[in-house]
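Topology and contacts: notes
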Amino acid sequence: MNTDLFQQKIALLKQREHANLIAIQAIEQWILSNISNIAKIHRIIPPVVAEDTQIPLSILIPEFLYAVFGGLFDLNWNVHCPRCYGVTSSYQKLAQAHHRSYCKMCEAEFKADFAQWVEVTFSLNKAIDDREFPPLCSPPNTIKVYYQMGADYLQTISGTEKFEQTGVYAYKCPLTGSKGTLLIEGDFTEEIQEVNLSQLANATFTPDKIHARPGMLKINLTNLAYPLSGLQAHIMPLPEITEEYLPPQLTGLALFHYPEFRQLFGHQVLSQREQLQVASVTTVFTDITGSTQMYEKLGDATAYNIVRDHFDILFKQIEQHRGIVIKTIGDAVMASFTRNDAALRSIFMALQEFTRYNQTQPLEAQVYIKVGIHCGTAILVNLNEKLDYFGSTINKAARIQAIASSDEICVSEQVCQDPAFFNTLKELGISQVSRHAVNLKGIDGVQTIYKIALNKTMDNFSLSSLTQ
Ligand SMILES: [Zn+2]
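Every value quoted in this text rests on a predicted model; they were computed, and no experiment measured them.

Criteria and cut-off values
Residues numbered from 1 in each chain as written. Predicted model: local features only at pLDDT ≥ 70, side-chain atom pairs only at ≥ 80, totals over all residues. Helix = DSSP H or I, 4+ residues; strand = E, 2+ residues; numbered from the N terminus. Buried ≥ 20, exposed ≤ 12 C-beta atoms within 10 Å, placed from the backbone. Domains from an automatic or database assignment. Contact = placed C-beta atoms within 7 Å. Expected span 1.5 Å × (residues − 1). Arc of directions from axis to C-beta. Pairing = 2+ DSSP bridges. Axes fitted to C-alpha atoms, helices over the stretch in contact; angles between N-to-C directions.

Points about unusual backbone geometry
- A cis amide bond, omega -5°, links Thr206 with the succeeding residue Pro207.
- If you trace the backbone, Pro207 turns up in the loop between β11 (204-206) and β12 (209-212).
- Residue Pro237 is reached from Met236 by a cis peptide bond, and omega for that bond is -10°.
- Of note, Pro237 is situated in the loop between β14 (228-235) and α6 (252-256).
- Even without a glycine there, the phi angle at Gln54 is positive, about 60°.
- Its place among the elements puts Gln54 in the loop between α4 (46-53) and α5 (57-69).
- The exposed category is assigned to Gln54, around which 7 C-beta atoms lie within 10 Å.
- One non-glycine residue, Tyr147, lies in positive phi territory at about 70°.

The structure is reproduced here in structure tokens:
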């Protein structure tokens, strides 16, 4: 490692105005104490650093991003296989993102969902640490993994494991991309069965098929070709990993929602025709009540200034709760969040600010908004060099907003049933929630939506819409 350059970059990072010195120091210490662990240093997982340093992710990530900007770190987008969690592709520029990926190990193609299977990691910039290491990651603990050993060049290493179940297993090296099939069949044997396995060049194991009986199997792995080769085995085929068993990770979608990412890397966009699937995103639409009358009564210039004030209040709260303003459509705003509760908090805070704002304004210049929130799958695209979403979730969110009254938040059933959202309602002291069966324009069937009235800001408004 080039220690001088590392220290220089750290010093530079600390000079930034508003730099969080405690976070930078913690990152520095974390790097120095893990420097000999090349796998960890080449795949710096922010939630792991947060856990080790006890500094919240929301404080660490901005420093990581400034560190990438300043040349201390590289930012890597890794696509993970939803079965073995192996890295199937890795890129440094968003323009290289692709909506599908293929796992050689599992021989399966999958959708590279940006909210699930695309993970962001950091590594030391090549000018500081030029050690080469393939992107390696451990499978989640739902998979029973046999062996887990590594052999240096020309080394032979042995491992013995007990196979009780007959069936097909894969043995592979996540470092070299080599693999083979282990077939366990026949009757149980008390004898230790022994196999010699060689790692050859061109990602090849020989033999690439092993037959054995249930019982103890000793494998001697000789590495004849690579600086390091390893061995893992697990049953085939693997089921898809469910979200609760995913290792801690920073997803691509979560990184998008950091304002620092957009400030520093906003120029990085998807390629024009690419559409990335996002398993779940929370979409918020807002609109000003009676803005047409406002323009008529106050004149364009004055009304426009009020609309600008309203944008300032909303944008600030959206950003503070790690949301993104995707676009404005006239006076309406579309924003996205990775969490339903964050969307609620941001709107709640904005509504409180509007109440304060209105106290300083004459009646005709007061601002009230109508809000709709929905979550679900969407497609992430590059529209005019900016991030945008498409899909039925987005359309439905807009339709839900259209039925909201002033100072009212309408949310879909999916949002209301999210425990984090529900708990936030309680925490914010919001108790006026009513359930309604409605028809939404352009959407088939009767839809259940919930109308949320905010006590603190309802003083001037009728509650008639809630008593339907
Ligand atoms: Zn796989």
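Digging into the domain arrangement of the chain
- In terms of domain boundaries, the chain breaks down into domain 1 (3-133), domain 2 (146-237) and domain 3 (269-467).
- Taken over C-alpha atoms, the centre of domain 1 sits 31 Å from the centre of domain 2.
- If you look at the interface, domain 1 gives 4 residues, while domain 2 gives 6 residues.

Overview of helix α9 (residues 300-320)
- Taking 1.5 Å of rise per residue, the 21 residues of α9 would be expected to cover 30 Å, and the 30 Å separating its terminal C-alpha atoms lies within 8% of that figure.
- Considered for burial, the residues of α9 that qualify are Ala303, Ile306, His310, Ile313, Leu314, Gln317 and Ile318. The buried residues of α9 all sit within an arc of 130° when viewed along its axis, so they share a single face. Residues Asp300, Ala301, Asn305, Arg308 and Asp312 are exposed on α9 and point more than 90 degrees away from its buried face.
- The positive-phi residue at the C-terminal boundary of α9 is Arg322, with phi of around 55°.

Some points on the sheet that holds β12
- Read from one edge of the open sheet, 5 strands run β6-β14-β8-β9-β12, paired in mixed fashion. The sheet terminates laterally at β6 (146-152) and β12, the two strands that pair on one side only. Pairs of neighbouring strands in the sheet enclose a mean axial angle of 20°, with direction left out of account.
- The pairing of strand β8 (residues 167-173) with strand β9 (residues 178-184) spans 7 bridges and is antiparallel. If you follow Tyr169 over to β9, its bridge partner there is Leu182.

Quick look at the sheet that holds strand β10 (residues 192-200)
- The 4 strands are arranged β7-β13-β10-β11 in an open sheet whose pairing can be described as mixed. One side of each edge strand has no neighbouring strand; the edge strands of this open sheet are β7 (156-163) and β11. Neighbouring strand axes in the sheet, compared pairwise and without regard to direction, differ in orientation by 25° on average.
- Sheet topology note: the β10/strand β13 (residues 215-223) ladder contains 8 bridges and is parallel. Its bridge partner being in β13, Asn196 is matched across the sheet by Asn220.

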